[in-house]
Structures are given as C-alpha cells and as structure tokens.
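Topology and contacts: notes
These are the residues of each chain, in order.
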Amino acid sequence: MELLSQMWSLLGLLTILQNILPSQLLALLHSMWQSLQDSLTPYSYFDVPEFLGSSAVEPNDLYRHVYLYLHQSLLSSAAASSASAPPRLTLSLPRGSASVPSLSLSPNHSLEDSFAGHRLLWTHHADTLQDSLEERRSFALRLPKRAAASLLGAYLSHLSGAADHLERSSRPRRLFTNSPRGGPPSWSSVPFHHPATFATLALEPSLKTSLIADLDAFAAGREFYRRTGRAWKRGYLLHGPPGTGKSSLIAAMANHLRYDVYDLELTRVSHNSDLRSLLIQTSNRSIIVIEDIDCSLDLTGDRHGTVKSSAAALSASRKRARNRRQPSISNEDSDSEDDSFGQINDGRVTLSGLLNFIDGLWSCCGEERVIVFTTNYLEAFDPALLRPGRMDVHVRLGACGEHAMRELVERYVGIKEHEMLSVAESCIRAGADMTPAEVAEVLLRHREEPEEAVRNMVRELQARVSGSSSGVAEEVEEDQSAAWSWEESPEKVGGKRRAGWERRVRFLRRLRSLTKSDSEGRGV
Ligand SMILES: Nc1ncnc2c1ncn2[C@@H]1O[C@H](COP(=O)(O)OP(=O)(O)OP(=O)(O)O)[C@@H](O)[C@H]1O
C-alpha cells in the first residue's frame, strides 16, 4: 500500500511538472530520455509510414512492399503452423475482389523474420490522431544495431523483390482495345483470361527456351536499362502464315509476364496524334499488340507519305484483309475498314507516326513495355521498322515441326508413342506443310478416337507431301536486323533445299509401302 501511494504521488508530481514546465523543456527532456534508451538498447529501429510528406498524402511504396512481404510470410508461417506466427492477424477481403482474403498483422503485433543469419522484427503500428478519426499506420523494423548498416540495404532489396514478384503474380490483368474512330482516342477493357501458356504451346523446345529466357531477362532488367540509358521496352515481330500460333504466342507471353494486353486496332486510329495519345494511356507492364500490321498500314517505305507502293500492292493487302475476316463481320465494320484505308491514304496515320509510336520520345513515357507486331507477310515491312531497337526479336512461326506435332498429339489425344507418328515425322521431313492450327483441328475432330485422330492427321500430311512436290527450293534469307531471330524448324528448311525429285520419289514409295502394311496389319 505504501509503495502504491508513493507511485501515486510520483504520478501526481509528473502531471504537475508537465503542466508547469515550458513545452520546450519537456521536449528536451523527452529527447534526452529517448537518447538514453537508444544508447542502451542493442537494436536499431526504422519506421515505414504508410504516407509521406508533411500532410501525409503521398503513398509510400515501401509500406506497400512490406505489407505484401509480410502477407506472404504470414501465409507461409500459417501454413507451416509455425510457433513464431503472431497470435492475432487481420483478415480482409475488399468488396468486389474475387481473390482470396488477405492476411495482415493486427495493429501493435509483431512478426519475426530472419535474414543472413540475423533475427529481425516487424511491428505494425496504428495510431489514431488526436481530435480526429484518422489513423496513421506504419511498420517498424527492428534490426540488431551492430549489423544494421550492412544488413539494411540487402534486406530491403530482398523484401522489395519478393513483394514485386507477389504483386505481379496476383494482380488481375485486363485486355484493352482502342475505341472506334470519331470520339477521343481511349481504351476500353475486359478481364484477360487466355488459356494459352508456354506449357500449352507446341513449339520447338529451343525456341521456347530462348523466348522464355529473353522475356525473363527483360522483366528483370530494370537496373540494366537504367544503366545503359535505354527505354525499358522490347519489340517482338512474329511472322508466319495464318494458324501458326502468333496470337497464341502473344497470349502465352502475356501470361508468362503477367502483363496487361493492349490490342491496338490501327484501322480505328485517325491521326498520328491519336496514336501518341493512346500510347501515353497505356500502363507499365503491358504488351501492346498490333496484329496483321500489313493489313492495317502500308509499310513498304515512304515514312511521310502514306502509300508508296503500287496500287496493286495496296489492293492485294486489302484483299488479304477482307479474306481473312469472317463473313459474319457487319457492314459497319467493312465500311469502316474501307474508310480506314481512305484515312491512311489521306496521310493521317503514317509509317513515321508508327515509328514514333515505337521509339520516339513519347514511347519512353512508361516502362517495362513489350511491343508486338504480327504479320503474315514480312516482305511488306520497311527495313526501318525492322531494325534493332525497334523490333529486337524476330520470330518466324512456320509449319508444324516434328516436335510440335508430337506435342499436339500427346496433348489433344493422349498418345505418346505410335508407329504412325514416325510416318508423320517422315512426311514433315519430306516437306508436308500443315500449320499447328490445322493439326490441332484434325486431332480435335477425332479426339474421342485417338488412333483414328492420328491416322487422319497422317493421311492429311501424306496428301500434303504429294501436293507439295513441285515447289521445293524455298530460299530463306538471312535476317540480320534483329537482336536475335528464329526460323521455325530450320532443319526442315535445310531439308527442303536439298530435297530433289529422286529423293522424293524414293520417299513416296517407302511411305506407300509403310501405310499399306499398316492397313493390312489392321485388316482394313
Ligand atoms: N504452336 C501451337 N501450339 C498449340 N496450338 C496452336 C499452336 N499454333 C496454333 N495453335 C492453335 O491454332 C489456333 C489458331 O492459332 P493462332 O490464332 O494463334 O494463329 P495465328 O498465327 O495468330 O493466326 P492468324 O495469322 O490467322 O491470326 C489456336 O486456337 C491455337 O489453339
């Protein structure tokens, strides 16, 4: 009782002192007390407030990173039923969010972390401001004082890297398209859920590996692009006949990088200035796609005029565009298509406008952006558009190669090994041209009867071998304008060059005997 009464008197004395002492003196005493504490403690403390600035309105990116990092750590410690998991956590699911609830540290609770052999402690603070309902939130990091200087930089970059990865992999993505002509240039969007991934794409393994490595290096290249003074963007040109997987590859790239996709319909753009305006409305971490660019713009030269090539080239280009469209396209669309060519003829969207779009000053207004052009006709391109720095990577997608064929068969009908697959491979080696889309279609049609599906595919390939026997020597020009370029199944192209009539006749004879014995064996 005596002790209690003495403490009570001391508290009373402190209150009186607080009231009579000038505030400056109180502040001085407070800071002396803090310094004394700081000199005695073996730890250093770092505050990470949610907002920055004197009025605390500017969001602090580091706070978001810490939040995400701790969310991830909490999930793993909860999953492992770790003893170090804090006893109280906050669960939240923002309205309209389709994702799983997020887990965060409740105010004034702490979570331990370890890094480079040291134990660190994060505490979440939430203080209500006096005379206000507003809350100031912050995280405080406790580090061993001796190691703080060497530890802090490395730990924060580890934390930001992990948070960045989590942010990429969890954010919902969108597919944008530009608005029809007439109004102000803008984008509208829908959620992006395309099922194509590098795992589902049937590609030559070396092409797949190179593409993934290139994309990964690009996404992790912030420091490299900063050091070299280059805009953080990369251009891909995908060329090849219809149905060779250009659109599917774009979807796989977007899914791999977890980027938004901006599908730019050039025929809806009236002026170069609109092109620029659309560009600056795109977000970072996005893929900007211009499909079938040869059908939207004349790209054979003349950067300032719009149509340099002969009228025949333009009308061929138009015809190709029309042929490729489905008959169900409405009149409105076809009208606008005609109009759009008119617009291009008028000189409002020009090649030079497009070049500026790709690498002019305005193209640097964002970062981490991939630009993809697709075309069925590489010859239609102005070399200016192809030079490195604009289209860094050129990928030619061609007829289905042996590996891709096997992959498709396995994925579509579940057959890994079958004697007919060797026949199919021989056909492909002999120059049978079937696009992956065509192979997939044959397999899909008979997916309930896997054997029948494979036989049909082989029959189709055989027909292509006989049909393709005239045009053998297809020259492939070396492409020196790209950082790297890829010719699908180069061994197949080389084979084509060498194949002569004699070889082809020998092959057809062998093939006939093979398929004959196969039908006899099956009693067909
Ligand atoms: N390499 C591939 N692996 C798996 N499926 C493929 C591949 N290539 C094409 N396909 C299939 O073929 C269909 C058509 O492919 P896609 O639209 O990607 O071709 P494209 O080259 O973009 O054609 P276009 O030039 O006409 O736009 C898709 O549904 C896809 O499933």
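Above this text you will find the structure in question.
So, here is what we can say about the structure in this document. Because the structure is a prediction, the values reported are computed rather than measured.

**Concerning the overall build of the chain**
Within the chain, the regular secondary structure consists of 19 helices and 16 strands. A separation threshold of at least 6 residues defines the contact pool for the chain, and within that pool the share at least 24 residues apart is 72%.

**Concerning the site of the ligand**
Residues in close proximity to the ligand total 15 residues, the closest being P242, G245, S247, P436 and A437. At the level of secondary structure, the elements contributing two or more residues to the shell around the ligand comprise α7 (246-257) and α16 (436-445). Considered class by class, the residues forming the shell around the ligand number eight nonpolar, six polar and one charged. For the shell around the ligand, the two domains that each supply at least three residues are domain 2 (174-396) and domain 3 (402-471 + 480-522).

**So, the environment of V48**
Mapped onto the secondary structure, V48 falls in strand β1 (residues 43-49). Each C-alpha atom, one on V48 and one on L62, is 7.1 Å from the other, the two residues being 14 residues apart in sequence. Those residues in contact with V48, other than ones at most four positions away along the chain, are N60, L62, Y63, V66, S138, F139 and L141.

**Overview of the pairing of strand β10 (residues 187-191)**
The buried count for β10 comes to zero of five residues, which makes it a mostly uncovered element. Both strand β9 (residues 174-178) and β10 contribute to a ladder of five bridges, which runs antiparallel. Each bridged residue has a counterpart across the sheet, and for L175 the counterpart in β10 is V190.

**Considerations on the sheet that holds strand β7 (residues 118-128)**
Here four strands make up an open sheet; going across it, the order is β1-β8-β7-β6 and the pairing antiparallel. The strands lining the two open edges of the sheet, one partner per strand, are β1 and β6 (110-115). The mean inter-strand angle of the sheet, taken between neighbouring strand axes irrespective of direction, is 25°. Alignment of β7 against strand β8 (residues 135-144), held across eight bridges, turns out to be antiparallel. Each bridged residue has a counterpart across the sheet, and for L121 the counterpart in β8 is R142. Across the sheet, helix α4 (residues 148-170) is in contact with β1, β6, β7 and β8; its angle to β8 comes to roughly 125°.

**Remarks on the packing of helix α14 (residues 402-413) against helix α15 (residues 419-429)**
One way to put it is that α14 packs onto α15 with a least axis distance of 9 Å and a crossing angle of 145°. In this structure, α14 crosses over α15, and the sense of that crossing is right-handed. The segment α14 lies against α15, with E402, M405, R406 and V409 engaging L421, A424, E425 and I428. Class assignment for the residues of the contact of α14 with α15 results in five nonpolar, no polar and three charged.

**Notes on the pairing of β7**
Pairing geometry for β6 and β7, over six bridges, is antiparallel. Pairing of E112 across the sheet is with L121, part of β7. Counting the residues between successive antiparallel strands, the hairpin from β6 to β7 contains two residues, one of them, A116, with a positive phi of roughly 50°.

**What about α16?**
Buried within α16 we find P436, V439, A440, V442 and L443. All buried residues of α16 project into a common sector of 160° when viewed along the axis, lining one side.

**A word on the packing of α14 against α16**
Between α14 and α16, whose axes approach to 10 Å, the crossing angle comes to 30°. By the criterion of interaxial angle, the relationship of α14 to α16 is roughly parallel. Once α14 is placed against α16, the crossing between them reads as right-handed. Where α14 abuts α16, its residues A404, M405, L408, V409, Y412 and V413 lie against P436, V439, A440, L443 and L444.

**What to know about unusual backbone geometry**
Located in the positive-phi region is D292, a residue other than glycine, with phi close to 45°. Along the chain, the position of D292 falls in the loop between β13 (286-290) and α9 (293-296). A positive phi angle, close to 55°, is found at E368, a residue other than glycine. With respect to the secondary-structure elements, E368 resides in the loop between α12 (351-359) and β14 (369-375). With 18 C-beta atoms packed within 10 Å, E368 lands in the partly exposed category.

Conventions and cut-offs
- Residues numbered from 1 in each chain as written.
- Predicted model: local features only at pLDDT ≥ 70, side-chain atom pairs only at ≥ 80, totals over all residues.
- Helix = DSSP H or I, 4+ residues; strand = E, 2+ residues; numbered from the N terminus.
- Contact = placed C-beta atoms within 7 Å.
- Near = placed C-beta within 6 Å.
- Nonpolar A, V, L, I, M, F, W, Y, C, P; charged D, E, K, R; others polar.
- Domains from an automatic or database assignment.
- Buried ≥ 20, exposed ≤ 12 C-beta atoms within 10 Å, placed from the backbone.
- Pairing = 2+ DSSP bridges.
- Axes fitted to C-alpha atoms, helices over the stretch in contact; angles between N-to-C directions.
- Left-handed = near helix turned anticlockwise from the far one by under 90°.
- Arc of directions from axis to C-beta.
- Parallel < 35°, antiparallel > 145°, perpendicular 65-115°, else oblique.

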